[in-house]
Amino acid sequence: APPSRQHLLGTDPLGRDVLSQLMSGTASAFILGILAALVTVIIATTVGAVAAYYSGAVDTFFMRLADLIIMLPTISLLIVLTALFELNFFQLALVLGVLGGFGGATIILKSQALSIKVKPYIEAARVAGGGPFHLIFVHIVPNLLPLSLLYMMFTVTGAIFSEAVLSFFGILNIRMSWGIMIHTANTGGYLLGGTKYWWLIIPAGGSITLLCSAFYLVGRALDEVVNPRLRRRWAG
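Each value, and the rule that gives it
- Residues numbered from 1 in each chain as written.
- Predicted model: local features only at pLDDT ≥ 70, side-chain atom pairs only at ≥ 80, totals over all residues.
- Heavy atoms only, no water.
- Core = buried A, V, L, I, M, F, W, Y, C linked by side-chain atoms within 4.5 Å.
- Buried < 20%, exposed > 50% of the residue type's maximum accessible area, 1.4 Å probe, protein only.
- Helix = DSSP H or I, 4+ residues; strand = E, 2+ residues; numbered from the N terminus.
- Contact = heavy atoms within 4.5 Å.
- Expected span 1.5 Å × (residues − 1).
- Arc of directions from axis to C-beta.
- 1 Å grid on protein atoms, 1.4 Å probe; cavity = no way out; pocket = protein on both sides within 12 Å on 5 of 7 lines; lining within 4 Å.
- Points joined across faces, edges and corners; volume = space filled by probe spheres on them.
- Nonpolar A, V, L, I, M, F, W, Y, C, P; charged D, E, K, R; others polar.
- Salt bridge = Lys/Arg side-chain N within 4 Å of Asp/Glu carboxyl O.

**Description of the nonpolar core**
Next up, step 1: In this structure, Leu 92, Ile 160, Trp 178 and Met 181 are the most contacted members of the largest nonpolar core, which totals 38 residues.
Next up, step 2: Going through the elements one at a time, α1 (18-54), α4 (89-101), α7 (132-168), α8 (178-187) and α9 (202-226) are the ones with two or more residues in this core.
Next up, step 3: Among residues more than four places away in sequence, those in contact with Met 181 are Val 18, Gln 21, Leu 22, Met 176, Leu 200 and Ala 204.
Next up, step 4: In terms of nonpolar packing, the next biggest core, distinct from the first, is built from 13 residues, Ala 49, Ala 113, Ile 122 and Ile 140 among them.

**Quick word on helix α2 (residues 56-71)**
Next up, step 1: Between the first and last C-alpha of α2 there are 23 Å, a value that for 16 residues agrees with the 22 Å anticipated at 1.5 Å per step.
Next up, step 2: Every buried residue of α2 is listed here: Asp 59, Phe 62, Met 63, Ala 66 and Ile 69. Each buried residue of α2 lies within a common arc of 120° when the element is viewed along its axis, so the set occupies one face. In α2, the exposed positions that point more than 90 degrees away from the buried face belong to Ala 57, Phe 61 and Met 71.
Next up, step 3: Looking at the buried side of α2, the elements it contacts are α1, α4 and α5 (104-117).

**A short note on the layout of surface pockets**
Next up, step 1: One number sums up the size of the largest pocket: a volume of about 440 Å³.
Next up, step 2: At the level of secondary structure, the elements contributing two or more residues to the lining of the largest pocket comprise α1, α2, α3 (74-84), α4, α5 and α7.
Next up, step 3: Top contributing element to the lining of the largest pocket by residue count: α7, with 7 residues.
Next up, step 4: Its residues assigned to classes, the lining of the largest pocket shows 12 nonpolar, 8 polar and no charged.

**Points about unusual backbone geometry**
Next up, step 1: Despite not being glycine, Ser 55 shows a phi value in the positive range, around 55°.
Next up, step 2: With respect to the helices and strands, the residue Ser 55 is situated in the loop between α1 and α2.
Next up, step 3: Classification of Ser 55 as partly exposed rests on a relative accessible area of 25%.

**Things to note about the environment of Leu 211**
Next up, step 1: Within the secondary structure layout, Leu 211 lies in helix α9.
Next up, step 2: With 88 residues separating them along the chain, Leu 211 and Glu 123 place their C-alpha atoms 43 Å apart.
Next up, step 3: Setting aside anything within four residues of it in sequence, one finds Leu 211 in contact with Ala 29, Phe 30, Ile 160 and Trp 178.

**Side note on empty space enclosed by the protein**
Next up, step 1: Tallied over the full model, the rule gives 1 cavity of 30 Å³ or more.
Next up, step 2: By volume, the largest cavity is sized at about 40 Å³.
Next up, step 3: As for the largest cavity, its lining consists of Asp 12, Pro 13, Val 18, Gln 21, Met 181, Thr 184, Ala 185, Trp 199 and Leu 200.
Next up, step 4: Going through the elements one at a time, α1 and α8 are the ones with two or more residues in the lining of the largest cavity.
Next up, step 5: Considering each element in turn, the lining of the largest cavity owes the most residues, 3 residues, to α8.

**Considerations on the pattern of salt bridges**
In a structure, side chains of opposite charge can pair up when their charged atoms sit close to one another.
Next up, step 1: Counted by the stated rule, this structure contains 4 salt bridges.
Next up, step 2: Between Arg 16 and Asp 12 there is a salt bridge, with its nearest N and O atoms 2.9 Å apart.
Next up, step 3: Classification of Arg 16 by relative accessible area gives partly exposed; the value is 34%.

Shown next as structure tokens:
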């Protein structure tokens, strides 16, 4: 049914209220993105700091692992995983977080940790008797957190988009999401109906775009705060 006073965004092919589904999917997408981003930041920050501090074989192992994950097509890998295992909401967030944590974010944070490692206060802490654990988690990791927060914002957009794609294919064990809303419209034969059935497509698709754009813009704003070169450019 089209939008009406009883159903402000109409109903889907199964007679369910689209607005209610949209509101339920908002919470799911937001929690999924934040959870996946937190896992990514924790792993990437820790691994980047450890690889930069120890160098040698430890650094080589984690960097080659990051190269391998970067080379893998993420969506294709997730499709294979969902075919082998029935992923639910939290398992998908964990998988996305692990892939992001051991991927490109690790390389960026390790390069930043290398510049922190040679700071005078690190050498002073080492001379004062600080062990590896103290140096890594008291001095290096806290100085990586601003950059980690920046990559957390960018990870959220990737997680939301990945969930929407997998839900559109109908291969996730999730009750409701924006991707499932588009999947329902597609299975009912309404996806190619143009603007005639707009309430089945535009609310969910627009929500995915707007939420991803919002987190991306927040990430860009944080980039200007974290990156001193951007601060000088905007100040000039």
